[in-house]
Protein chains: 2
Amino acid sequence: MTITPTGEGLRRALDGPFHDLKMRWRNEVKADDIVRHTDMSIEEARVWTLDRIKRLTKNEFVTAGFPAAQGGTGTSAESVANFEMMAMGDLSLTIKSGVQHGLFGGAITNLGTTWHHETFLPGAIDVSLPGCFAMTELGHGSDVQSIETSITWDADTSEFVVHSPSPTAAKAYIGNAARDGRMAAVFGQLWVDGEHHGVHVALVPIRDEKGNPMPGVTIGDHGHKGGLLGVDNGTISFEHVRVPREMLLDRYGGVTEEGKYASKIESKNARFFTMLGTLVRGRICVGGGAASATRKALSIAVRYANERRQFRQPGLGEEILLIDYLQHQRRLLPDVAKAYAYGFAQNEIALQLQRILDADGSDPQAARELETRAAGMKAALTRWANDTLQECREACGGAGYMSDNGITLARQDADIFATFEGDNTVLLQLVAKALLLDYKATWGDMDLAGTAQKTAKLLGGRFLERTTARSVIDRLVATANRKPEAEQLRARGWHVQMFEYREKHIVEGLAQRMRSAAKTKTFEAVNATQPHMIEAGKAHVDRVVLEAFIEGIEECQDDYIKTLLVKVCDLFALSVIEENRAWYLEHEVFDARRSKAITSAVDALCGELRSQSLALAEGLGVPEEWLVHPRTAVPPLITPGRRVDEAPEAAAS
Amino acid sequence: MTITPTGEGLRRALDGPFHDLKMRWRNEVKADDIVRHTDMSIEEARVWTLDRIKRLTKNEFVTAGFPAAQGGTGTSAESVANFEMMAMGDLSLTIKSGVQHGLFGGAITNLGTTWHHETFLPGAIDVSLPGCFAMTELGHGSDVQSIETSITWDADTSEFVVHSPSPTAAKAYIGNAARDGRMAAVFGQLWVDGEHHGVHVALVPIRDEKGNPMPGVTIGDHGHKGGLLGVDNGTISFEHVRVPREMLLDRYGGVTEEGKYASKIESKNARFFTMLGTLVRGRICVGGGAASATRKALSIAVRYANERRQFRQPGLGEEILLIDYLQHQRRLLPDVAKAYAYGFAQNEIALQLQRILDADGSDPQAARELETRAAGMKAALTRWANDTLQECREACGGAGYMSDNGITLARQDADIFATFEGDNTVLLQLVAKALLLDYKATWGDMDLAGTAQKTAKLLGGRFLERTTARSVIDRLVATANRKPEAEQLRARGWHVQMFEYREKHIVEGLAQRMRSAAKTKTFEAVNATQPHMIEAGKAHVDRVVLEAFIEGIEECQDDYIKTLLVKVCDLFALSVIEENRAWYLEHEVFDARRSKAITSAVDALCGELRSQSLALAEGLGVPEEWLVHPRTAVPPLITPGRRVDEAPEAAAS
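Quick question: what am I supposed to make of the overall build of chain A here?
Per the secondary structure count, chain A includes 25 helices and 14 strands. In terms of its C-alpha atoms, chain A occupies a principal-axis envelope of roughly 90 × 85 × 45 Å. The buried share of chain A, reckoned over its 653 residues, is 64%. Of all intrachain contacts in chain A linking residues separated by at least 6 positions in sequence, the fraction that spans at least 24 positions is 74%. Of the roughly 23500 Å² that chain A leaves accessible, carbon and sulfur atoms contribute 54%. Separation of charge centres in chain A, based on 74 positive and 87 negative side chains, amounts to 4 Å.

I would appreciate a short explanation of the interface of chain A and chain B in the present structure.
By a widely used convention, the size of an interface equals the accessible area lost when the partners come together. Contacts between the two partners involve 102 residues from chain A, matched on the other side by 102 residues from chain B. In total, about 8000 Å² of surface goes out of reach between chain A and chain B, with carbon and sulfur atoms giving 50% of it. Applying the counting rule to chain A against chain B returns six salt bridges. For B:E586, the salt bridge identified is with A:R581, shortest N-O distance 2.9 Å.

I would appreciate a short explanation of the pattern of salt bridges in the present structure.
A side chain of one charge can pair with a side chain of the opposite charge when the charged atoms of the two come close. Residues and elements named next belong to chain A. Summed over the entire model, instances satisfying the criterion amount to 82 salt bridges over all chains. Note that R373 and E348 form a salt bridge whose closest N and O atoms lie 3.0 Å from each other. Pair noted here: R373 is in helix 11 (residues 364-395) and E348 is in helix 10 (residues 326-359), with a separation of 25 residues, a long-range link. The pair R373 / E348 is uniform in exposure class, with both members buried. Via salt bridges that share partners, D32, D33, D51, R52 and R55 belong to a single interconnected network.

Help me out: how do you make sense of the relation of the copies chain A and chain B in this one?
Each of the two copies of the chain can be brought onto the other by a rotation about an axis and a shift along it. Overlay of chain A on chain B (RMSD 0.0 Å): rotation 180°, translation along the axis 0.0 Å. Such a combination of turn and shift is consistent with a two-fold rotation axis. Measuring from the rotation axis to each C-alpha of chain A, the shortest distance belongs to A:A582, at 2.1 Å. Both copies present the same face, since 100% of the interface residues in chain A are matched by interface residues at the equivalent positions in chain B.

Can you help me understand the packing of aromatic side chains in this one?
For any two aromatic rings, the description comes down to two numbers: the centre-to-centre distance and the angle of the planes. Summed over all chains, the structure comprises 30 aromatic pairs over all chains. Taking 5.0 Å as the distance between ring centres and 70° as the angle between the ring planes, the aromatic pair formed by B:F133 and B:F187 counts as edge-to-face. Of the two residues, B:F133 sits in strand 1 (residues 131-134) while B:F187 sits in strand 5 (residues 183-192), which places them 54 residues apart along the sequence. By relative accessible area, which is 2% here, B:F187 ends up buried. Through pairs of rings, three or more aromatic residues link up here, namely A:W494, A:Y501, A:W583, A:Y584 and A:F590. The ring of A:F61 has A:R24 sitting right over it, with the charged end atom 4.6 Å from the ring centre.

Is there a simple way to explain helix 4 (residues 42-57) of chain B in this structure?
Each α-helix turn comprises 3.6 residues. Residues three or four places apart therefore point the same way. Residues and elements named next belong to chain B. The terminal C-alpha atoms of helix 4 lie 23 Å apart, and with 16 residues this matches the ideal 22 Å at 1.5 Å per residue to within 8%. For helix 4, the full list of buried residues reads I42, A45, R46, W48, T49, L50, R52, I53, L56 and T57. Just beyond helix 4, the residue with positive phi is N59, at close to 60°.

Mind showing me how you'd approach unusual backbone geometry here?
Trans is the common state for peptide bonds, and a negative phi is the common state for residues other than glycine. Despite not being glycine, A:S158 has its phi angle at roughly 55°, a positive value. One can find A:S158 in the loop between strand 2 (150-154) and strand 3 (159-163). At B:E421, a position not held by glycine, the phi torsion is positive, near 55°. By secondary structure assignment, the location of B:E421 is in the loop between helix 13 (407-414) and helix 14 (424-443). Judged by relative accessible area, B:E421 falls into the partly exposed class, the value being 22%.

Before we go on, may I ask you to explain the confidence of the model for chain A in this structure?
A low pLDDT means the predicted coordinates there should not be read in detail. Residue and element names in this part refer to chain A. Mean pLDDT over chain A: 91, with 92% of residues reaching 70 or higher. Under a pLDDT of 50 for its full length, residues 446-462 has, in the predicted model, 23 contacts with residues more than four places off or in other chains. Every residue in residues 638-653 is under pLDDT 50, and counting partners more than four places away or in other chains gives 33 contacts. Under the prediction, the complex receives an ipTM of 0.93, its pTM being 0.94.

How should the pairing of strand 8 (residues 234-238) of chain B be read in this particular structure?
Remember that side chains alternate between the two faces of the sheet whenever the strand is regular. Residues and elements named next belong to chain B. Extensive coverage of strand 8 is indicated by the burial of four of its five residues. Bridge count for strand 4 (residues 171-174) against strand 8 is two bridges, and the pairing is antiparallel. If you follow I174 over to strand 8, its bridge partner there is G234. Pairing analysis gives five bridges linking strand 7 (residues 217-221) to strand 8, with the strands arranged antiparallel. Bridge assignment links T218 to a residue of strand 8, and that residue is S237.

What is the right way to read the packing of helix 18 (residues 492-520) of chain A against helix 21 (residues 559-579) of chain A from this model?
How two helices pack is summed up by the angle between their axes together with the distance between the axes. Residue and element names in this part refer to chain A. Here helix 18 crosses helix 21 at 35°, and the two axes come no closer than 10 Å. Every pair of crossing elements has a handedness; the one defined by helix 18 and helix 21 is left-handed. Counting all contacts with helix 18, which are made through R492, W494, H495, M498, F499 and R502, the residues of helix 21 involved are V566, C569, D570, F572, A573, L574, V576 and I577. A breakdown of the residues in the contact of helix 18 with helix 21 according to their chemical character gives 10 nonpolar, one polar and three charged.

Would you mind showing me how to read the environment of A:A68 here?
Tracing the chain through its elements places A:A68 in the loop between helix 4 (42-56) and helix 5 (76-89). Taking the C-alpha atoms as reference points, A:A68 and A:G102, separated by 34 residues in sequence, lie 16 Å from one another.

Can you walk me through the side chain of B:R11 in this structure?
Inspection of the secondary structure puts B:R11 in helix 1 (residues 5-15). Discounting residues that sit within four places of it in the chain, B:R11 has contacts with B:I3, B:H19, B:R26, B:E618, B:G619, B:G621, B:V622 and B:E624.

In this structure, what is going on with helix 5 of chain A? I would like to understand it.
Residues and elements named next belong to chain A. Across its 14 residues, helix 5 extends 20 Å between first and last C-alpha, which sits within 8% of the 20 Å expected from 1.5 Å per residue. Most of helix 5 is tucked away, with 13 of its 14 residues classed as buried. Measuring from the side-chain oxygen of the N-cap residue of helix 5 to the backbone nitrogen of A77 gives 3.4 Å; that N-cap residue is T75.

Before we go on, may I ask you to explain the packing of helix 5 of chain A against helix 9 (residues 280-305) of chain A in this structure?
All names here are of chain A. The contact between helix 5 and helix 9 brings their axes to 8 Å, and the two run at 35°. The interaxial crossing formed by helix 5 with helix 9 has right-handed handedness. Contact residues: helix 5 offers S76, S79, V80, F83, E84, A87, M88 and G89, while helix 9 offers R281, I284, C285, V286, G288, G289, S292, A293, R295 and K296.

What am I meant to see in the pairing of strand 3 (residues 159-163) of chain B here?
Residues and elements named next belong to chain B. Taken across its five residues, strand 3 has four buried, putting it largely inside the fold. Pairing between strand 2 (residues 150-154) and strand 3: five bridges, direction antiparallel. Residue pairing for strand 3: T152 is matched across the bridge by V161. Hairpin geometry of strand 2 and strand 3 is characterised by an intervening segment of four residues between the two adjacent antiparallel strands and by a positive phi of about 55° at S158.

For this particular structure, what's the right way to read the environment of A:L609?
All names here are of chain A. With respect to the helices and strands, the residue L609 is situated in helix 23 (residues 592-610). As for L609 and T75, which are separated by 534 residues in sequence, their C-alpha atoms are 36 Å apart. Residue contacts for L609: discarding those within four places in its chain leaves L333, L564, K567, V568, L571 and L616.

Can you walk me through the environment of B:H240 in this structure?
All names here are of chain B. Note on placement: H240 falls in the loop between strand 8 and strand 9 (241-244). In this structure, the C-alpha to C-alpha distance between H240 and V162, residues 78 residues apart in sequence, is 5.4 Å. Residues in contact with H240, not counting those within four places in the same chain, are V161, V162 and H163.

Even after reading the chapter, I still don't get the state of the cysteines, so can you show me in this structure?
Covalent bonding between the sulfur atoms of two cysteines defines a disulfide. Within this structure, the stated rule accounts for zero disulfides over all chains. Unpaired in terms of disulfides, B:C556 finds its nearest cysteine sulfur in B:C569, a separation of 12 Å.

Calculation notes
Residues numbered from 1 in each chain as written. Chains lettered and ligands numbered in written order. Predicted model: local features only at pLDDT ≥ 70, side-chain atom pairs only at ≥ 80, totals over all residues. Heavy atoms only, no water. Helix = DSSP H or I, 4+ residues; strand = E, 2+ residues; numbered from the N terminus. Buried < 20%, exposed > 50% of the residue type's maximum accessible area, 1.4 Å probe, protein only. Contact = heavy atoms within 4.5 Å. Areas by Shrake-Rupley, 256 points an atom, 1.4 Å probe, with all protein chains shown as cover. Lys, Arg positive; Asp, Glu negative; His and termini not counted. Charge placed at Lys NZ, Arg CZ, Asp CG, Glu CD. Buried area = accessible area lost by both parts, 1.4 Å probe. Salt bridge = Lys/Arg side-chain N within 4 Å of Asp/Glu carboxyl O. Least-squares fit on C-alpha atoms with pLDDT ≥ 70 in both. Phe/Tyr/Trp six-rings, centres within 6.5 Å; stacked < 30°, edge-to-face > 60°. Lys NZ or Arg CZ within 6 Å of the ring centre and 35° of its normal. Expected span 1.5 Å × (residues − 1). pLDDT = per-residue confidence, 0-100. Pairing = 2+ DSSP bridges. Axes fitted to C-alpha atoms, helices over the stretch in contact; angles between N-to-C directions. Left-handed = near helix turned anticlockwise from the far one by under 90°. Nonpolar A, V, L, I, M, F, W, Y, C, P; charged D, E, K, R; others polar. Polar contact = N/O pair within 3.5 Å; in protein donor to acceptor, adjacent residues only side chain to side chain. Disulfide = S-S within 2.5 Å.

Shown next as structure tokens:
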């Protein structure tokens, strides 16, 4: 199918550095390879998913990010882009591949050494060795440091003993466990000679070649879930299961042939965070995947709104198109704008990941910043995805509830993205803590009065390090301040100031509250700051995303598309400010009159973008063929004379 | 299972006038009768649902609201309470019964006359005559007046000819159509002797005794949906299908034996709205059912939060219970408070329905008010349900995504409640229009300056007719105004003032905008007011619900429970004000300082109610046994040596 030239231009801009790669997916991957039928049973969905992953292992669609020696092709940034494209097709498929290639394969790649790479990566890549990433336990998910599974060195046999000491130590929600997995990368507390060395990872075979669980391994099946039926999540428990010394992934710590623990990182804590840091790609992928599913839903809902007419208006002949109603524009277009904003930010974070990997540990500060941003983006994108997928469903009315429409499947599958790879509430607090650390590094223990003064000069400081070309934003801010008030609402520099001010002020307030709380040393005092922390995390992500959008526009080569994107960015920026207008009013950043003017400006932008809504949907980049969701079992139409649950012969008699 | 005395007291208060009836459900209906396994295929779910409805037809659980002569027992208000209880078990079951007993049976009861009652109601009640309610078409849902199906009188044969003149005329999303239905109540445009008489309803057999579609009837199966798998939604098209004269439901209009159209309501428009008005019970049920499913999810999530511990805090030995985190309290407790608020409001609207029915048409103004309230409540409760079910899912982390937990099933089933029985966006505009009519009736065409003056005295006027004992609220308002400012935040009278002011001011502003828009007579001008209309509808429902909560507290006989409910109502009122604080700030109703104080007050109330959270969950009234969701096919645990997709014998070899 063809799309409009505007849609094509937008797609090119939004794909950014990954345009060629993404076009390969669009041209080469047929719907049958990637869109699953909507009415499959669990077992059918699992069979389909495994089969389609194997299809995708061909033609370099899942090999990016692996070492070239084992068949890797392309960068880790490209593996993120691959994940995003896959997620426009089917999320079970995406998560199954994410478990197999991203997590299991990624653990071997990043935490293992040459022997592990040579021995296990080829099977991880071509799925001849289906693998699990056994980190989460029934008792502990986001709090990985508290997991109970033990990996104990037995000097007598030169083996590790992997054990689940309690029912809550069972590995839980593990993808690939219930049906297909043959091996698991098991996270556990390492003990050597009675000494605890923190969380490490051992490869443990969990099924034999016939598919039977290995001795000492108990596997459970979570069965039906809220979505992702194609992913066989299960539990795994270990009863003193023994593996040879080599099976420990020992890049950051292991036991030598002499039976001594050795690590190049001395601090247990630092080691833990270094190991977890290698998993940052998963978090980046999850945010991007949720955004892809949302782009698909928006593509469906915007198209529907451009076809569906409801209610006749006095004096007008035809019924009105849904997209012509202001409320309907309001429901969809600000989220289309967010889809662009998050898309540009996602491109940026993928490139940032690649730069960190290329630097190979030489820039720990940048690595820490990436982790913070990945946590924040994951939380923001998956939250937005859940809300927007639901809005799209409802915007399609009853038709949106039929699985053929495609939205409910994406909605159900994307739901868990808010929880896995780090619960959103936990992640946003993690972001806030990082911001506080930066804040403290900048401000030290200075008294509060001094802080307030210095804050006025904060722009450009390390705390609010800008993510995009400094000169561009400085110019925008300067220009905005020279504009007459009426024009400021559409001045990008004003948007930047509003976003920056909100982040800065929230983090400052939080720093003050934390300082007071630290004095009392009670749980209650710290607990009281929790909602404030979460607001800080959100404000940070908003600012980072706006800057990425600005950079994306700067890099666009097509003037017509650029002009359109400027409007989309206006809508994004103003609708975020509108959502947070209570905060701005409470902090007297602007007054009631301006607050209402912002709402009017969002209304006006919706009206202006309405005529381009189809092209904007096309620009989101979901191949048209993948928007159609077939079904397997139930025929859509029953002709007279035949009942659905009777065989055709019986009905004919 | 037993619950705490506080839980019991709360349950009694919230059940209100329906306590005895609801206790019958809790005591007599076993989980196996009402909670479906989570992993059924479409066909299994359909079979289970039909079977369980038949179980419930015994013991008077679905017979309320039918004429006593045909086996009816109890009032229509009780039929609403029955619907709510069923919805705590399973929503497919509830909707299937809603289609069969509420819509199909309700159409016969309310739009038919004696012959229809005698001939069809017994089968409608005991489900020996499974029936459809064929109103919505592919082309038109909420806009019923525009449906295309025609019902044309043929004087030669004294028959009606039911016909779908185009593909978009196909009846769509019709429950009971795809598998079980034998007859349909078909909405269509009635034509007699070339004259159009508007929408009427004819009973049309759609399948014969063998289950084959009748000649001229084409039935389609929507197949898999986003939820409600137990309801067999389908399409029905008619190709000049003939039915005898008697099959038209003729209470409000029909064709005489002499072949003449006759109706006791002259105006086509009035007739249409009278007929639709009889369907108001369905709308009340849908809101209540969505609220029941949400109560179930809140019961699960609050219990989980009282058991699940995560993250150790410095200086504290044990990990912290989720419910102890302020953010977690914030996620759940305001919604628990809303569950109480909506519960009291639901009791009130059910009684109001009964009063209208008992008045038998003698109070059209009250009937119109009921319709307005039903529309608004349906929109508010189903919106809240969707948001809260998702929040509960996420608050249970990964465990919440496993279908065993029960939330995702309710979430998927309740999704469509936002759309069916009237799309929420359409309904809120309907509420706004009714408010504008009241406003106009009170204010006429007076000039705006005059309006503003008179508005100051508006309290108690017809436009803002209070729903509960006037004296109670007047006393509360008077008391609040005498309190020192610091105490006002917890003064109910202040809450009432805030809710009333918001509704009043939004409707006034809307009236002004509509007046200007009416002058221009363009679609654009009216369209621009749409978000404003929706806000008016929301503000109205908020106020009505608060008043119902106040009345519920007044009627509570237990002082301890009453004191607790006062706090819950504080939390409800303040969190609604907090959600709308941007509006209050924009309209300078209160200042930034007070706005922040409201947030602090909500935090504090969450902390105060935390220790009662389990009892509050119990009070929501979901039987403990119904909170457990079994599964059919996949065993939860696989013992070593057996693979899930292998037969036990094969594995043993």
